[in-house]
Every structure is written in C-alpha cells, then in structure tokens.
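Summary of structural features
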Amino acid sequence: MNARKSFGSRPRARILHPVSLTVRRGEILGIVGESGSGKSSLGRALLRLHEPTGGRLSFDGIDITHSGEAALRPFRRRMQMIFQDPQSSLNPRHRIRTILGSGLDLAPQTPGESRSEALARTLAAVGLDSALADRFPHELSGGQRQRVGIARAIATRPEFVLADEIVSGLDVSTQAQVLALLKQLARELSLSLAFISHDLSVIRTLCDRVVVMRAGRIVEARPVADLFDAPRTAYTRQLLDAIPSPVPDPGWLERGPIDRDLAATPAG
Amino acid sequence: MMVPAPLLAIDGLSARLRAPPHRPLLRSVCLDVREGEVHGLVGESGAGKSTIGKAVLGILPRAIEPCGGTIRLSGTDLLGLSPARLDAVLGTEIALIPQDPMTALNPSRRIFDQLTDGLRLKRRLRGQALRDKAVALLQDVQIPDPEAVLRRYPHEISGGMRQRILIAAAFSLDPKLIIADEPTTALDVTVQKEVLRLIRKMQRSHGTGVVFVTHDLGVVAQVCDRLTVLYGGMVVEQGETAAILAAPSHPYTRALLDATPRHDRTGSGMRPIPPQVAAALQAELARYGMGPGAHV
C-alpha cells in the first residue's frame, strides 16, 4: 500500500495543510496530536471519507483521490475503520451475528467454510466466544463491545484498518487487552493499521512508526524507538515532557514552560 | 511525634444501590486526608472513587444510599447533618473541581456570574468588592487580562482556561477541603500539566486538603502525597505514594502498574490483570459478605 497524499480544504478553513505520508503493508502507524491537530481529519482522508481539495491519495498503487462512490466500492471492503465508542457505533437493535454478517458478506469466501463457521472464526480472532453471536451490544461489557467493533472491521478481510482513539475510554486493564489483541491481529492478518491517539504512551506500546501532528501539519514522522529516545522537534519534546510517568519525580511538575494554552483561543 | 487530627476522616463507609437487591458500591472504606495533603483515589471504573467523592460532598444520586460508617470533616459527621447545615458547609468548607469544564459551566452565563456565585450567596459580597475579588481570583490562577475574561461566555475561552476558572471558583471561599474529580481527564497533556501544577500551587498556598480522584497512576505519582487504591468499592492498598508505587504490597496495585503504558520505556502496557489476581480480588470482595462486585 502506498497512500501518499496531500489534503487541504478551502483557504478560509484549512483543516489539513498539504501532508505526505505512506502507510506500509503490515505496519502499525501511530498518528498522535493534541485536540484540533488534524489527526482524525487525516485518518478520514486516508479512508477517502473526505474528498481532498488538493494532493493525491493512492491505495495499493491506484489513485483514488477523486474516485466516485461506485469506483471506490471495491476499495471500501479493503479499508475499514474501528470507532472510538463501541456503544454508539454498534446498532443497539441488531444481534452481534447481524452486525458482523454484513461485513462477512463482503469478504472473499474461504472454500468449504460455512457462514456460521466464518462468524465463529471472526469472533475467535478477537477472543470472543461464538455464543456471544446471539447477544445484543448492551448485553456485553465495554471491553467485549470494543472487541466486536474490531471484529466488525476485520470481517471484510481488509488490508488497511484505521483505529481512531479506540482505547481512550477504556480502563487500563481492558486497554492492555485491546492493545495486545491489535498487535496480534496486525501480525496474523498482515494488516496495515493506522492508530490515532492523543496518548504517546499507548503509541509507544503499540506502533512501529509514528506521525506527530500539530495544527494540520506533520511535525515529525519517525520509527517509534527513535522518536521517543531522541525527539527532533521542540514540540515533540514538549509533548513527551508533559506525560506524567508513574514513577514519582519531585521536580517534574515545576519543569517546563508552556502556557501557550493561555492565549484566549476558543476551543474547537 | 504527635500525629495531627485528620481534616477528613472516612471510617467504615459503606454505600449501596437503594433498590433491591441493593448492590454494594462501597465496602467499609476507611481513609484520612490531612490538612494540606493531596490524597489520590485511584481505581478502574466501578472502583467507587467518584462515589466516595460524591458522598463527601453530600451529592450522591438518589439511587445510592450510604448504609454505614461516618464521614467527619474536622470532627463533624457530614452524613448526620441536616440539609440546611450541609448547605452551609458546601462551598465554604468543601468545594469541588469537576471533571468536564464544558458541562460544569452554564453556557448561557458569563464567567463573572458563575465565578462569583459562592461569593454572592455565602459571603454576601456585592459591587466593586465583588468585582475586585473576581479579578484577584483570576490572577491567582494566572489568567491574563482578567477583566476581559470575566465578560466572556464559556464557549469563548479554551478548555484549559475553563478548567482554571473552575479551580478559581473552588478556591474562592477558601475551603478546607477540595474534591478534585478527574479534573484533567478531558484535557490535552500539555494543558493537563499546567492545570496539575496550578492545583498543586493553589493547594499549597491555601493549605487545602485535596481528595484527587483519578484513574491515571502517572498523575497520582506526580501530584499526590498519599494514595488509596480501590477495587469494587473496597480499599485495596493505602499509604505514601512514593512507597506504594516503588513497591506495591497488593498484587492488584502491581497489576495496575504493569497494565499502564509508559512513554519512557518499551514493552509496557500490554499486560492485562492476571486471572489469579482477578480471582483473589473476587474472593476479597466476597469476604465483605455483601455479595459479588459488579466489576470483574
């Protein structure tokens, strides 16, 4: 996959300045930034949920920058999204079987595999018992619902999956399970995963490479180990310095400047 | 050495759902907050940390009833107070810094009016005295151009600034105790750090005791003097923050630390709570004889 893109909207309200990045096959790419940095806009542009006003977006070598819905349809199966809030992204009136079914219908068939076998395989891939197929979303725990959200995304057998802040509402113990699951799925299914998060600690845990965004621009794009050990920009260093570590450090709170928030900017 | 009497003493506090079968939410919780101390309440969802905060403030939802124990502020049992007496304590002796600065502020009222509610209602301040005090409060929380900010509406200022307004409001009557309920959870990390720094500074200069509710062990490590780890409404571990984080004595605290992703080391944050630790916690909950916990 080679998604190189520039994306910008009308000058009056430019959401993304021209940005260029590539998501490689089988790679977990972290996209990190503060609120309003454009990370979700970038993610949605990668899925061609927005049509860019400039630049070029290609998927598996094919230019899809301005493709219409019909032309995009074959790509839709191959690129999927996991949403932040499984509560609101799963239809409360549908059983898990139905929620996953529409995705499974689009997936290439495995010869000799029945519909219910495919369903059980998909649930097993995210660590859920096939007995849950007849439940409704409200009958599951938050962690189980997030697993269903992941199962829904991988049901079509995509090559590229975008995960937008999918662990930010979870407890750390559930978060650890979901992160371990994503890592395992990416490896087993050779998925390219774009993982959007405001949390650099989570990015370090999960990702191979990371893109730091600020005000609609990419500030830094590097392998995770390099970025955390030797950030190149003052902005990235500032973000890293602002993360409280669970090891008490008496000087931490007083260190570092910032106060840039004090400029009276309205929240977005 | 004499140990000073605690500012806040919670002793054997239990609470449950009012409706049968009365699911337990707090199980004989004991904790002390000393004057000028920041005491962290840590745990995952369902641990009871916010319920404790609400019980201290006397703002438990109707569906929840306290069913044992005492909450003493400087010796006075808050659970036994009449609504009128409790109303006199709230704001003046105990104040709240809420989680979400957007929903905690009324969108249709100017900052000045919301900031000075306590000063007008409880201190009867009016006119220029009120105006001067409002400006001084915003200066304390390092807001530039206070006069202009006081005229604004909540949507006209940033999230970090809104949280500063709420901190200023909480300190406006110089309370002895502040309940900070996840006060930085909704903020970006850089803004979070400024707000944490500010709460610490204000708390030190006023000598205020703070109950700091959070799910973030990093925040606890950098802000809290002592901490209480909660699970399923029971106290799992309690003591000096540095000592507990360096060498947790309870396996659940250890497991929470292991599950926390770290920006300063590799290979962290993917270890879930081990099944034997979860099983041991359920057994401990059962020992309280109040039925199983909701959180597994």
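Since we're looking at a predicted model, the values are computed, not measured.

For the rest of this paragraph, the subject is the overall build of chain B. Scanning chain B from N- to C-terminus turns up 13 helices and 10 strands. Relative to the globule expectation of 19 Å for 296 residues, the C-alpha radius of gyration of chain B, 20 Å, shows essentially globular dimensions. Seen through its principal axes, chain B has C-alpha atoms that stretch 60 × 50 × 45 Å. When burial is assessed residue by residue, chain B has 48% of its 296 residues classed as buried.

Here we take up the overall build of chain A. Helix and strand counts for chain A come out as 10 helices and eight strands. Relative to a compact globule of 268 residues, whose C-alpha radius of gyration would be 18 Å, chain A shows 20 Å and is just as compact. On the principal axes, the C-alpha backbone points of chain A span a range of 60 × 45 × 35 Å. Pairs at least 24 apart in sequence give 66% of the contacts found in chain A among residues at least 6 apart.

How big an interface is tends to be stated in terms of accessible area lost as the parts join. All names here are of chain A. One can read the domain layout of chain A as domain 1 (2-78 + 160-264) and domain 2 (87-157). Every contact between the two is made by 10 residues of domain 1 and, on the other side, 11 residues of domain 2. Here the side of domain 1 that touches domain 2 takes five residues from helix α7 (residues 172-188), the largest share from any one element.

The next subject is the sheet that holds strand β1 (residues 8-17) of chain B. Residue and element names in this part refer to chain B. Spatially, β2-β1-β4-β5 is the arrangement adopted by the four strands of the open sheet, whose pairing is antiparallel. At either margin of the open sheet sits one strand with a lone partner, and together these are β2 (24-33) and β5 (76-77). Pairing of strand β4 (residues 64-73) with β5 involves two bridges; the strand directions are antiparallel. Its bridge partner being in β5, leucine 73 is matched across the sheet by threonine 76.

Counting residues at the interface gives 39 residues for chain A, matched by 44 residues for chain B. Of all the elements in the fold, those that place two or more residues in the side of chain A that touches chain B are α7, α8 (200-206) and α10 (234-241) of chain A. Residue composition of the side of chain A that touches chain B, by class: 22 nonpolar, 10 polar and seven charged.

All names here are of chain A. Where helix α4 (residues 96-106) meets helix α6 (residues 142-154), the axes come as close as 8 Å, and the angle between the chain directions of the two elements is 25°. The angle between the axes of α4 and α6 places the two elements in the roughly parallel class. For the pair α4 and α6, contact is made by Ile96, Ile99, Leu100 and Gly103 and by Val148, Ala151 and Arg152, respectively. By residue class, the composition of the contact of α4 with α6 is five nonpolar, one polar and one charged.

Take the pairing of strand β8 (residues 209-214) of chain B next. All names here are of chain B. Most of β8 sits inside the fold, with six of its six residues counted as buried. Alignment of strand β3 (residues 38-42) against β8, held across five bridges, turns out to be parallel. If you follow valine 42 over to β8, its bridge partner there is threonine 214. Direction of pairing for strand β7 (residues 177-181) relative to β8: parallel, over a ladder of five bridges. Residue leucine 177 lies in a different strand from β8, and its bridge partner there is glycine 209.

A separate point is the sheet that holds strand β9 (residues 226-231) of chain B. Residues and elements named next belong to chain B. Strand order across the open sheet formed by six strands is β6-β7-β8-β3-β9-β10, with mixed pairing between neighbours. Bordering the open sheet on either side are β6 (94-97) and β10 (234-240), each of which pairs with just one other strand. Direction aside, neighbouring strands of the sheet carry axes that sit 20° apart on average. Sitting on the sheet, helix α8 (residues 159-171) touches β6 and β7, and the angle it makes with β6 is about 175°.

A separate point is unusual backbone geometry. Residue and element names in this part refer to chain B. Looking along the chain, the bond that leaves proline 20 and enters proline 21 is cis, with omega of 5°. A positive phi is found at aspartate 174, a non-glycine position, where the angle reads about 50°. Within the element layout of this structure, aspartate 174 appears in the loop between α8 and β7. One non-glycine residue, glutamate 182, adopts positive backbone phi at about 50°. Tracing the sequence through the fold places glutamate 182 in the loop between β7 and α9 (189-206).

This next bit is on the nonpolar core. Counting 147 residues, the largest nonpolar core has Leu193 and Phe195 of chain A together with Val56 of chain B as the members making the most contacts within it. The biggest single contributor to this core is α8 of chain B, with eight residues. Residue-level mapping places this core at the junction of two domains, with at least three residues from each of domain 1 (2-78 + 160-264) and domain 2 (87-157) of chain A. In this view, leucine 193 of chain A contacts Ile28, Leu29, Val161, Ala163, Leu182 and Ala186 of chain A; residues no more than four positions away in its chain are not counted.

This part is about the packing of helix α12 (residues 251-259) of chain B against helix α13 (residues 275-287) of chain B. Residue and element names in this part refer to chain B. Viewed as axis vectors pointing N to C, α12 and α13 meet at an angle of 140°, and their least axial separation amounts to 10 Å. In this view, α12 runs oblique relative to α13, as classed from their interaxial angle. With respect to the hand of their crossing, α12 and α13 are arranged in left-handed fashion. In contact with Pro251, Tyr252 and Ala255 of α12, α13 contributes Val277, Ala280 and Leu281. Of the residues assigned to the contact of α12 with α13, the class counts are six nonpolar, no polar and no charged.

The subject of this paragraph is the environment of threonine 185 of chain B. Its location among the elements puts threonine 185 of chain B in the loop between β7 and α9. Residues threonine 185 of chain B and glutamine 99 of chain B, 86 residues apart in the sequence, show an inter-C-alpha distance of 6.7 Å.

Here we come to helix α1 (residues 39-46) of chain A. Think of an α-helix as turning once every 3.6 residues; residues three or four places apart then point the same way. All names here are of chain A. Buried within α1 are the following residues: Lys39, Leu42, Gly43, Ala45 and Leu46. All buried residues of α1 lie within an arc of 160° about the axis, which places them on one face of the element. Residues of α1 that are buried sit in contact with β1 (28-33), β5 (160-164), β6 (192-197) and β7 (209-214).

A few words now on helix α1 (residues 49-57) of chain B. Residues and elements named next belong to chain B. With respect to burial, α1 is a largely interior element, seven of its nine residues being buried. Listing the buried residues of α1 in full gives Lys49, Thr51, Ile52, Gly53, Ala55, Val56 and Leu57. In the segment just after α1, glycine 58 is the residue with positive phi, at about 70°.

Before going further, it helps to spend a moment on the confidence of the model for chain B. Residue and element names in this part refer to chain B. Per-chain confidence: chain B averages 92 in pLDDT, with 96% of residues scoring 70 or above. Note on residues 292-296: pLDDT under 50 across the span, and 14 contacts to partners over four residues away in sequence or across chains. The ipTM for the predicted assembly is 0.88, set against a pTM of 0.90.

How each quantity is defined
- Residues numbered from 1 in each chain as written.
- Chains lettered and ligands numbered in written order.
- Predicted model: local features only at pLDDT ≥ 70, side-chain atom pairs only at ≥ 80, totals over all residues.
- Helix = DSSP H or I, 4+ residues; strand = E, 2+ residues; numbered from the N terminus.
- Rg over C-alpha atoms; globule rule 2.2 N^0.38 Å.
- Buried ≥ 20, exposed ≤ 12 C-beta atoms within 10 Å, placed from the backbone.
- Contact = placed C-beta atoms within 7 Å.
- Domains from an automatic or database assignment.
- Pairing = 2+ DSSP bridges.
- Nonpolar A, V, L, I, M, F, W, Y, C, P; charged D, E, K, R; others polar.
- Axes fitted to C-alpha atoms, helices over the stretch in contact; angles between N-to-C directions.
- Parallel < 35°, antiparallel > 145°, perpendicular 65-115°, else oblique.
- Core = buried A, V, L, I, M, F, W, Y, C linked by C-beta atoms within 7 Å.
- Left-handed = near helix turned anticlockwise from the far one by under 90°.
- Arc of directions from axis to C-beta.
- pLDDT = per-residue confidence, 0-100.

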